[in-house]
Amino acid sequence: HQWGTQGCTAVHDRDDTLGAPVNENGGGVYALEWDPENKAIKSWVFSSIHDVPQNLIDTIDTAGLKDSSKQVMPDPHSWGTPYAFFAIGEGTGCSADHFKNMHIVFNLAFCGNVSGNRFTRECPAVAKKFNVTNKEGINDPVWTCNAYIESDPEALDEAYWKIRGVYVYERESRKPKKV
């Protein structure tokens, strides 16, 4: 469980970065750059396959080549403005030592982001229908989310990720590793 004050949430005015809009466009590409030298974590969302920058297409297409001289390395500077930008490191208010032993997580976020604790804000009509309160009589967004999921689990049969590949690049080695 994660509380509302933990972690980071990117809020953007685009409505085509998740779910049905991405599926209707034939999928998308998500990229993240963790750059401690420049004190930033940046992410990009290309929700239409037609919006993916050529450098990123070439990087993905050549990642599996045995001849490393023919592999194209990612160049995030050519990808345009990031979807999200998080300043990290000394002088930013977000210590770089929070970012170590990282894991890649694919999250379906059935009830909105941050483990459902925003469910009542992000899906108010559905949340009202399944309202669950705690001992103090206050709406509990996580329990309300659970009640929603338990009410009709078959409705989530089509909730899944279809992943073509996951590629991790490190500046030191400059070699892609498919994981």
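Calculation notes
Note on numbering: residues in each chain are counted from 1, in written sequence order. Reporting of local features is limited, given that this is a predicted model, to residues whose pLDDT is at least 70; pairs of side-chain atoms are given and counted only at 80 or more, and all residues count toward the totals for whole chains, interfaces and linings. Neither water nor hydrogens contribute to the side-chain values; these are computed over all heavy atoms in the structure. Each helix corresponds to a stretch of at least 4 residues labelled H or I by DSSP, and each strand to a stretch of at least 2 residues labelled E; elements are numbered beginning at the N terminus. Only protein chains enter the area calculation, which uses a 1.4 Å probe; residues under 20% of their type maximum are buried, those over 50% are exposed, and those in between are partly exposed. The criterion used for residue contact is that any of the two residues' heavy atoms lie within 4.5 Å. For our purposes a nonpolar core is just a set of buried Ala, Val, Leu, Ile, Met, Phe, Trp, Tyr and Cys residues, chained together by side-chain atoms within 4.5 Å. The definition of a polar contact used here is a pair of N or O atoms within 3.5 Å, where within protein one atom must be able to donate a hydrogen and the other to accept one, and adjacent residues in sequence count solely through side-chain atom pairs. Taking the helix axis as origin, the arc is that swept by the directions to the C-beta atoms. The pairing criterion is simple: DSSP has to find at least two bridges between the two strands. Inter-axis angles, ranging from 0 to 180 degrees, are taken between N-to-C directions of lines fitted to C-alpha atoms, where helices are fitted over the stretch in contact.

K.L.:
Pulling in residues and values, what's your account of the overall build of the chain?
P.N.:
When helices and strands are tallied, the chain shows five helices and five strands. The N-to-C order of helical and strand elements in the chain reads α-β-β-α-β-α-α-α-β-β. The buried share among the 179 residues of the chain stands at 27%. Sequence separation of at least 24 residues holds for 51% of the intrachain contacts in the chain that already meet a minimum separation of 6.

K.L.:
Could you give an account of the nonpolar core, with specific residues and numbers?
P.N.:
One finds Val29, Ala31, Trp44, Phe46, Val52, Leu56, Ile60 and Trp79 forming the largest nonpolar core, which totals eight residues. Discounting chain neighbours no more than four positions away, the residues touching Ile60 are Val29, Arg164 and Tyr167.

K.L.:
Please set out the environment of Asn139 residue by residue, giving values where relevant.
P.N.:
Its place among the elements puts Asn139 in the loop between α4 (124-129) and α5 (141-151). In this structure the C-alpha to C-alpha distance between Asn139 and Ala127, which are twelve residues apart in sequence, comes to 9.5 Å. Beyond its immediate chain neighbours, meaning those up to four positions away, Asn139 contacts Thr120, Asn131, Val132, Thr133 and Thr144. At 3.4 Å, the side chain of Asn139 forms a polar contact with the side chain of Thr144.

K.L.:
Tell me about α5, residues and numbers included.
P.N.:
Buried within α5 we find Pro141, Val142, Thr144 and Cys145. The buried residues of α5 occupy one face: seen down the axis, they fall within an arc of 160°. Residues of α5 that are exposed and point more than 90 degrees away from the buried face comprise Trp143 and Glu150. Along its buried surface, α5 packs onto α3 (119-122) and α4. The opening residue of α5, the one whose side-chain oxygen lies 3.0 Å from the backbone nitrogen of Val142, is Asp140.

K.L.:
Tell me about the sheet that holds strand β1 (residues 29-35), residues and numbers included.
P.N.:
Taken in spatial order, the three strands make up an open sheet running β1-β2-β3, and their pairing is antiparallel. The open sheet has two edge strands, β1 and β3 (84-87), and neither has a second partner. The mean angle between the axes of side-by-side strands here comes to 10°, regardless of whether they run parallel or antiparallel. Bridging between β1 and strand β2 (residues 40-46) involves seven bridges; their strand directions are antiparallel.

In short, shape yes, function no, at least from these values alone.
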